[in-house]
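# Architecture and fold: a report
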Amino acid sequence: MDTKLTLNYRILIIGIPLLIVSFIGLLVNSELYVSHLTIPATLDLILTTPLIYFLLIRKKKIPKITVISVFILSLILASYIIPAEDQNILIIVKTYALPMVELGVASYVLWKARQIYMAFHSLNSDKPDFYDIIFQVTSKILPTPINGLLATEIAVIYYSIFNWSKKLHYANNEYSYHRKSGIFSVLYALMGLATVELMAVHMLISKYSHLWAWIATALTLYSLLQIFALIKSMSRRPIILNHDNNTLQLRYGFFSQTNFAIDQIKEIQLSRKSISEDDKETIPLSPLGKLDSHNMVFYLYNKHTLFGFYGRKKQFLNITVYADDHEQLFNDIMKSIN
């Protein structure tokens with residue numbers, strides 16, 4: 001069975017589903033469209049398109065779960081293509097089918113993550129990082145930015161609810177950044193303020209709408225869960241200086257991370273000086289902006305990518321970092337360079 005993908009076949013895999021979507025879009029916006037075409041048009045978008053994609057890839061080395069990605073993208077496109085007054089089927093699918101699909105994808109990701117974890121653990125004595133594995137799995141089976149969204153949601157639940165083991169000791173090549181910065185006090189204060197205001201905001205909004213009051217309350221509670229997950233992940237995801245491949249892995253919980261080769265470092269400054277707002281090439285590792293501090297600035301030769309919350313990406317040439325023992329980190333990096 002030929003599983004190789006030629007250029008022409010790749011064009012077919014992408015082109016045929018796009019042709020179906022384009023045809024339905026043109027039909028809906030033409031004078032030929034009438035209300036009784038709504039059902040077949042909707043089904044073609046959300047069922048026929050993923051089915052055709054599956055038939056095209058079923059004998060190829062493309063993960064079959066990518067059909068889910070096509071289904072979700074088709075559902076999103078259908079929400080824009082089908083007129084709002086004719087979206088009854090879409091509403092039913094979003095209400096009942098989509099949550100089941102999301103649960104199935106999350107279960108599959110966790111299953112694959114466990115497989116990778118066990119394989120890594122059997123070959124390496126070091127314990128693999130949970131978020132790295134989840135992000136690796138979702139990146140393979142889902143398109144950007146859906147992979148980042150799902151990886152973040154799983155990480156929030158994992159760190160806030162399931163992971164209670166403490167990282168008491170760090171290896172010689174691991175560096176903490178939460179013990180001396182005072183950021184935990186800031187985050188706990190934010191959680192306290194949000195908790196105090198939660199009831200007042202709920203009561204205020206409920207005077208106008210009970211539905212929106214509960215929506216606001218749910219969003220606030222989830223935000224609290226995210227902050228709590230960040231606090232727990234920070235102690236479990238230290239900065240790592242990898243001597244095996246001479247790379248520096250910078251982390252800020254699971255909210256942001258990047259890595260680059262040591263030979264990419266042009267200069268390191270031990271400085272707490274604020275970066276000018278006009279400096280567009282220097283960004284903080286911390287996603288908390290002015291609420292946080294730094295004591296190191298890394299100047300690089302080439303631009304790199306910072307992976308942020310929900311899969312967001314940002315290019316940078318220089319980056320500010322806080323490390324509890326920044327002088328030790330500086331000395332260890334200089335030894336690796338020399």
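Our structure's up above, just so we're on the same page.
Residues numbered from 1 in each chain as written. Predicted model: local features only at pLDDT ≥ 70, side-chain atom pairs only at ≥ 80, totals over all residues. Heavy atoms only, no water.

### Considerations on a nonpolar patch on the surface
Residues Leu211, Trp212, Ile215 and Leu219 make up a contiguous nonpolar surface patch of about 440 Å² in total accessible area. Mapped onto the elements of the fold, tryptophan 212 is located in helix 8 (residues 210-236). Residue class for tryptophan 212 comes out exposed when judged on its relative accessible area of 53%. (Patch = residues over 30% accessible without salt bridge, like charges linked within 9 Å, V, L, I, M, F, W, Y side chains within 5 Å. Areas by Shrake-Rupley, 256 points an atom, 1.4 Å probe, with all protein chains shown as cover. Salt bridge = Lys/Arg side-chain N within 4 Å of Asp/Glu carboxyl O. Helix = DSSP H or I, 4+ residues; strand = E, 2+ residues; numbered from the N terminus. Buried < 20%, exposed > 50% of the residue type's maximum accessible area, 1.4 Å probe, protein only.)

### Side note on the pairing of strand 8 (residues 313-321)
Pairing geometry for strand 6 (residues 282-284) and strand 8, over 3 bridges, is parallel. Paired with isoleucine 283 across the strands is isoleucine 319, a residue of strand 8. Relative to strand 8, strand 7 (residues 296-307) runs antiparallel, the two being bridged by 8 bridges. Across the sheet, the residue bridging to methionine 296 is valine 321, located in strand 8. Taken together, strand 7 and the strand that follows it, strand 8, pair antiparallel across an intervening segment of 5 residues, in which tyrosine 310 is found at a positive phi of about 60 degrees. (Pairing = 2+ DSSP bridges.)

### A word on helix 3 (residues 66-81)
Along an α-helix, residues three or four positions apart point the same way, because every turn accommodates 3.6 residues. Along its 16 residues, helix 3 runs 22 Å from first to last C-alpha, staying within 8% of the 22 Å computed at 1.5 Å per residue. Residues of helix 3 that are buried include every one of Thr66, Val67, Ser69, Val70, Phe71, Ile72, Ser74, Leu75, Ala78 and Ile81, and no others. (Expected span 1.5 Å × (residues − 1).)

### Comments concerning the side chain of lysine 232
Tracing the sequence through the fold places lysine 232 in helix 8. Comment: no salt bridge for buried lysine 232; closest opposite-charge side chain is aspartate 129, at 14 Å. Within the local environment of lysine 232, its side chain forms a polar contact with the backbone oxygen of asparagine 163, the two atoms lying 2.5 Å apart. Apart from the residues lying within four places of it in its own chain, the contact partners of lysine 232 are Tyr159, Ser160, Asn163 and Trp164. (Lys, Arg positive; Asp, Glu negative; His and termini not counted. Polar contact = N/O pair within 3.5 Å; in protein donor to acceptor, adjacent residues only side chain to side chain. Contact = heavy atoms within 4.5 Å.)

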